[in-house]
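Descriptive analysis of the structure
Read off the chains here:
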Amino acid sequence: MCYWVGTKNVREALLKRKNEKPEDEIAQLFYRTFVENMGNMELREHFVAIGKAKPELSVLINHAGTKQFRNMHWGLNWEYTDKKTGKTHSRELLNSTAEKVFFQHRDIIYRNRCIIPIDGYFEYYHHKGETYPYFLYPTRSELFYAGGIWDRKLNENTGEVSETFSIITTPPNELARKIHNNPKAPNGSRMLLLVPEEKAGSYLDATLDAQEVKNLLKPFPAGGMKAHPVLRFQRKENMHLMNTEKVREPFPYPEL
């Protein structure tokens, strides 16, 4: 669930926002990072970024009081200790549920929240034993701000520092519930945490208390998004279309 996102139109959307809203802090920062300082950091653009492939995405963080973009790999390593055996285990989390994030990530949920600008995400609809990919995208602007958490890890053997992130998920709105209807989903129907544009600054504020953070982990309004079926881009015969606009275009399935 929620393991496929698109970022190909993020550049165009944020440059448009910069011109139309000079006061938009994120759009201005995007311009300074990826346009003015071209070459220092390259925007990661994907028609489809598949989480399980650990793609690198451009992520906005608030580090030491300064908002900045970083390129990070999708997949946060979560370590936990088995109370019965005392052994420490690790698990890679592409997504983190809003209901568990204060337990699983209590060390970083307050200080290491992040925003991943995306132009939409993909979800699978189940119908009579078959699955159909859908593209969910915004109606009131050209992009979503997906909310997540990030962390930095030091490999003590190699000295290498890695930065990774996980996208938070919430209970679904009405539209997402209809599409993400997998009966075997372990957490039931879910959707990505999509932070409203006007709350993006607050989401990155490291001074918020627990209740203030919880107030931001809400389902995005169904009226602010649309969805349509797309071709089965993960099938072998369609793999050559993964890096084209075809993966986002409406694709008719007569049985639907």
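Residues numbered from 1 in each chain as written. Predicted model: local features only at pLDDT ≥ 70, side-chain atom pairs only at ≥ 80, totals over all residues. Heavy atoms only, no water.

**Notes on the side chain of lysine 18**
Rule in force here: By definition, any uninterrupted DSSP run of H or I lasting at least four residues is a helix, any uninterrupted run of E lasting at least two residues is a strand, and each is numbered from the N terminus. Any residue under 20% of the maximum accessible area for its type is buried, any over 50% is exposed, and the rest in between are partly exposed; the area is computed with a 1.4 Å probe on protein chains only. This count recognises Lys and Arg as positive and Asp and Glu as negative, with His and chain-terminal groups excluded. Criterion for a salt bridge: a side-chain nitrogen of Lys or Arg within 4 Å of a carboxyl oxygen of Asp or Glu. When checking whether two residues touch, look at their non-hydrogen atoms; a contact exists if any pair is within 4.5 Å.
With respect to the element layout, lysine 18 can be found in helix α1 (residues 10-20). In this structure, lysine 18 is buried with no salt-bridge partner, the nearest side chain bearing the opposite charge being glutamate 36 at 7.0 Å. Excluding its chain neighbours within four sequence positions, the residues that come into contact with lysine 18 are Ala27, Gln28 and Tyr31.

**Regarding helix α2 (residues 25-36)**
Applicable threshold: Take the number of residues in a helix, subtract one, and multiply by 1.5 Å to get its expected span. As used in this structure description, the phrase polar contact means that two N or O atoms lie within 3.5 Å; if the pair is within protein, one of them must be able to donate a hydrogen and the other to accept it, and residues adjacent in sequence are counted only when both atoms belong to side chains.
An ideal rise of 1.5 Å per residue puts 16 Å on 12 residues; α2 measures up with 15 Å between its terminal C-alpha atoms. Within α2, the full set of buried residues consists of Ile26, Ala27, Gln28, Leu29, Phe30, Thr33 and Phe34. Elements in contact with the buried residues of α2: α1, β3 (56-63), β4 (66-74), β11 (144-154) and α5 (200-203). Its side-chain oxygen 3.1 Å from the backbone nitrogen of isoleucine 26, aspartate 24 forms the N-cap of α2.

**Some thoughts on the side chain of asparagine 173**
Following the sequence through the fold, asparagine 173 ends up in the loop between β12 (161-170) and α4 (174-179). The class of asparagine 173 is buried, set by a relative accessible area of 4%. A polar atom in the side chain of asparagine 173 sits 3.1 Å from the backbone nitrogen of leucine 175. Those residues within four positions of asparagine 173 in sequence are excluded, and the remaining contacts are Met191, Pro219, Phe220, Pro221, Ala222 and Met225.

**Topic: the packing of aromatic side chains**
Selection rule: Centre distance within 6.5 Å is the pairing criterion for rings of Phe, Tyr and Trp, where only the six-membered ring of Trp is used; planes under 30 degrees apart are then read as stacked, over 60 as edge-to-face, and the remainder as tilted. In our convention, an over-ring charge means Lys NZ or Arg CZ found within 6 Å of a ring centre and within 35 degrees of that ring's normal.
According to the stated counting rule, one finds 14 aromatic pairs in the structure shown. For the ring pair phenylalanine 122 and phenylalanine 233, a centre distance of 5.1 Å and an interplane angle of 65° mean the geometry is edge-to-face. With phenylalanine 122 in strand β9 (residues 120-127) and phenylalanine 233 in the segment after β14 (225-229), this pair connects stretches of sequence that are 111 residues apart. A relative accessible area of 0% means that phenylalanine 233 is categorised as buried. Geometry around phenylalanine 102 places lysine 214 over its ring, the cationic atom sitting 5.3 Å from the centre.

**A closer look at the pattern of salt bridges**
Side chains that differ in charge, positive against negative, can pair when their charged atoms come close. As enumerated under the stated definition, the model contains 14 salt bridges in all. Of the charged contacts, one joins glutamate 163 and arginine 152 as a salt bridge, the two residues approaching to 2.8 Å between their closest N and O atoms. With glutamate 163 in strand β12 and arginine 152 in strand β11, the pair connects residues that are 11 residues apart, well separated along the chain. Note on glutamate 163: relative accessible area 16%, which makes it buried. Within the structure, one salt-bridge network assembled from shared partners comprises Arg17, Lys21 and Glu197.

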